[in-house]
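So the chains spell out like this:
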Amino acid sequence: MKKILFLLIAAIVCGTAVAKPPLFETIEPIGETGYSEVTLKGRVGVFTTEGWDEVVPIAYEAVLHVHDNPTWFLLLKTDGRYTVFYPDTQKEVGDFAHALLLDHHMLIVTNDADPVEAKWALFSLLDREVVSEPVFTHDAALHEWASHLIIDGKILWPKTPMLNGKMLVWFENDSQLKVMDRRGKVVGKITEYGNIDTLEPIPGADRDDYRFVVINDGLQNGQLSLADLNFKLVAPFGYDNITAFVIDKELSPKPVAVALQGDKMLVIDVDGKVLRTLGPNDVPPLSLAAAPWHYDANPECDDDEIHIP
């Protein structure tokens, strides 16, 4: 022990970084996440890079996927099957023979069927459970992008998580947004808008207040609006851009955002109600000043941000 302490002190004094704690055989930083993949006795786990706190136990064959801001890890178990590990509960969820990551879900097979011939189901990374029947197929050779589903020979793209037993999908064959239930049945079509932005859950908010930003490219101005978890519009179109929603109880009991409308900025709630109008020289509330915008409404900008005066 004295020898190890001496080496650590010597490394610090000499200005050289200690490569790794002596406990691990290998350490590989996972991008900019602040986590590192480590190995010990042929098994893999995940620890924080600075404090070396255990995030995923050293008990797996491989770490297959990690988000930029990890709330879950896709892991390969020693028996060759897949599972999702959630650090906040320190629990595995699921036991899959095959797993394929989509935007909001994983496409999974629970039995040992060949992936091309298998019937796949959807596992919700948000809800931490299987949310569809095994009604989909998948063949990577049919499309250059892996994140697609096939049902009745038609290629479709999940646009939202499975919510209230339904999700919004884009059918490639007829270029249309449709509502699909957990059995793979189309139960509605969307004609009010042509695209939908990624759902960003609002920290601390009730799930009923989550909102999607929806886009109608057919409008010359004000192409954006909001839709609820049933994919219904909750406000008329008229926004050029919208920030993420945040909770600011001083402004409203509901989550609020800044919406760009021409040369004005509007503080709105999740139902599109205007709470405050800001002029070109006004500064938005501090809680909203750093909220990210959904997309670049000004194509002349060099980056993806809208710069608030």
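Residues numbered from 1 in each chain as written. Predicted model: local features only at pLDDT ≥ 70, side-chain atom pairs only at ≥ 80, totals over all residues. Heavy atoms only, no water.

1. Some points on the layout of surface pockets
Next, step 1: Of the pockets and cavities examined, the largest pocket occupies roughly 790 Å³.
Next, step 2: Here the residues of the lining of the largest pocket are counted per class, giving 10 nonpolar, 6 polar and 6 charged. (1 Å grid on protein atoms, 1.4 Å probe; cavity = no way out; pocket = protein on both sides within 12 Å on 5 of 7 lines; lining within 4 Å. Points joined across faces, edges and corners; volume = space filled by probe spheres on them. Nonpolar A, V, L, I, M, F, W, Y, C, P; charged D, E, K, R; others polar.)

2. Examining the environment of Val258
Next, step 1: In this structure, Val258 sits in strand S22 (residues 256-261).
Next, step 2: If we ignore the near neighbours within four places in the chain, the residues touching Val258 are Asn241, Ile242, Thr243, Met265, Leu266, Pro284, Leu288 and Trp293. (Helix = DSSP H or I, 4+ residues; strand = E, 2+ residues; numbered from the N terminus. Contact = heavy atoms within 4.5 Å.)

3. Structural notes on the confidence of the model for the chain
Next, step 1: Across the chain, pLDDT averages 85, with 87% of residues at or above 70.
Next, step 2: Least confident of the elements in the chain is helix H1 (residues 2-13), whose mean pLDDT is 38; most confident is strand S17 (residues 186-189), at 96.
Next, step 3: In this model residues 1-19 is a low-confidence stretch, pLDDT under 50, and it forms 5 contacts with partners more than four residues away in sequence or in other chains.
Next, step 4: A low-confidence stretch, residues 297-309 stays under pLDDT 50, and its non-local contacts, those more than four residues away or across chains, total 16 contacts. (pLDDT = per-residue confidence, 0-100.)

4. A look at the sheet that holds strand S4 (residues 54-60)
Next, step 1: In spatial order, the strands read S1-S2-S3-S4; together these 4 strands make up an open sheet with antiparallel pairing. For this open sheet the edge positions go to strand S1 (26-29) and S4, each flanked by a neighbour on one side alone. Each adjacent strand pair in this sheet contributes to an overall mean axis angle of 20°, direction not counted.
Next, step 2: One ladder, built from 3 bridges, connects strand S3 (residues 43-48) with S4; its direction is antiparallel. Bridge pairing in S4 links Val46 to Val56. (Pairing = 2+ DSSP bridges. Axes fitted to C-alpha atoms, helices over the stretch in contact; angles between N-to-C directions.)

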